[in-house]
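For reference, the chains in residue letters:
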Amino acid sequence: MRVSKSKVTMLSLAVAAVFATSAQAAVNLDTGLTVPVYAKEISSLTAVTNVANALDVTAKLGFGIAPAQTYFIRFDLTGATFGSIVAGTALTAVPAFGAGTTIVQGGQIGDPFVIVQINGGGTGQLATDPFTFAIPSVKFAGTTANVGISYRLFQDQASAQGIGGVPITNDGRLLASKSGTLISFKSAIDTTFSTARTEYIAATTNFTKFAD
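Residues numbered from 1 in each chain as written. Predicted model: local features only at pLDDT ≥ 70, side-chain atom pairs only at ≥ 80, totals over all residues. Heavy atoms only, no water.

1. Considerations on the overall build of the chain
The secondary structure content of the chain amounts to 3 helices and 13 strands. By the burial criterion, 37% of the 212 residues in the chain qualify as buried. Within the chain, counting contacts between residues at least 6 apart in sequence, those at least 24 apart form 76% of the total. When the accessible surface of the chain is totalled, it reaches about 11900 Å², and 58% of it is carbon and sulfur. (Helix = DSSP H or I, 4+ residues; strand = E, 2+ residues; numbered from the N terminus. Buried < 20%, exposed > 50% of the residue type's maximum accessible area, 1.4 Å probe, protein only. Contact = heavy atoms within 4.5 Å. Areas by Shrake-Rupley, 256 points an atom, 1.4 Å probe, with all protein chains shown as cover.)

Below, the structure is given as structure tokens:
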């Protein structure tokens, strides 16, 4: 199979853009900073992996958790699904959650959400304490729109699971919520064209007369 030079160049630029922009810190839902940028030219079938913590998500919990108290955190992706299985160890906090942080629903390959059961451990956590969610990989539906992520802390599992996959947010058991951009896209190909210039030749004797 023959591959044109232009196609090879396009692919090289797209791949370079992916690796050049993915080596950075975690996405911060409180500030909206450090959102990784990927090339629009990459295939939506590609599973983007968490290289150099580019798919880590961090924020303040937004609600205090008492020692040994159980709560449920739900993450939802928009425009993407998980590319590999999410483990309970993907979610951490400082101070640390207690033992038994487990996935209770979602988090499988192809799922757009995950619900994690947590507890406050021996010390509990303040509303200002940070969590980090290390997403192993994602597959996106396309590159025309950014991939979004939302974080919601629920008092119980029933509200987090909701009805028909839609969480219940109006019963007073949604304790904290935040959202932001997980991945943004930018073209790796420069398609800027300069204005064409036309030259005219006058039909004078100098241009029309043939020498003997």
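2. Topic: the sheet that holds strand 3 (residues 47-49)
In space, the 3 strands of this open sheet follow the order 3-11-6, with antiparallel pairing throughout. In this open sheet, the two edge strands, each paired with only one partner strand, are strand 3 and strand 6 (80-82). The sheet shows a mean angle of 35° between the axes of neighbouring strands, direction not considered. (Pairing = 2+ DSSP bridges. Axes fitted to C-alpha atoms, helices over the stretch in contact; angles between N-to-C directions.)

3. Comments concerning the environment of Ser 187
By the secondary structure assignment, Ser 187 is in the loop between strand 13 (174-186) and helix 3 (205-208). Judged by its relative accessible area of 36%, Ser 187 falls in the partly exposed class. Excluding its chain neighbours within four sequence positions, the residues that come into contact with Ser 187 are Lys 40 and Glu 41. Here the side chain of Ser 187 touches Glu 41 through a polar contact of 2.7 Å, side chain to side chain. (Polar contact = N/O pair within 3.5 Å; in protein donor to acceptor, adjacent residues only side chain to side chain.)

4. Topic: the confidence of the model for the chain
Reading fine detail from the predicted coordinates is not recommended where pLDDT is low. Considering every residue of the chain, the mean pLDDT works out to 83; 77% of them sit at 70 or more. Confidence drops under a pLDDT of 50 for residues 1-23, and excluding neighbours within four residues, the segment shows 23 contacts in the predicted structure. (pLDDT = per-residue confidence, 0-100.)

5. Considering the side chain of Thr 101
Within the element layout of this structure, Thr 101 appears in the loop between strand 7 (91-93) and strand 8 (102-106). Residue classification places Thr 101 among the buried positions, given a relative accessible area of 18%. At a separation of 3.4 Å, a polar atom in the side chain of Thr 101 contacts the main-chain carbonyl oxygen of Gly 98.

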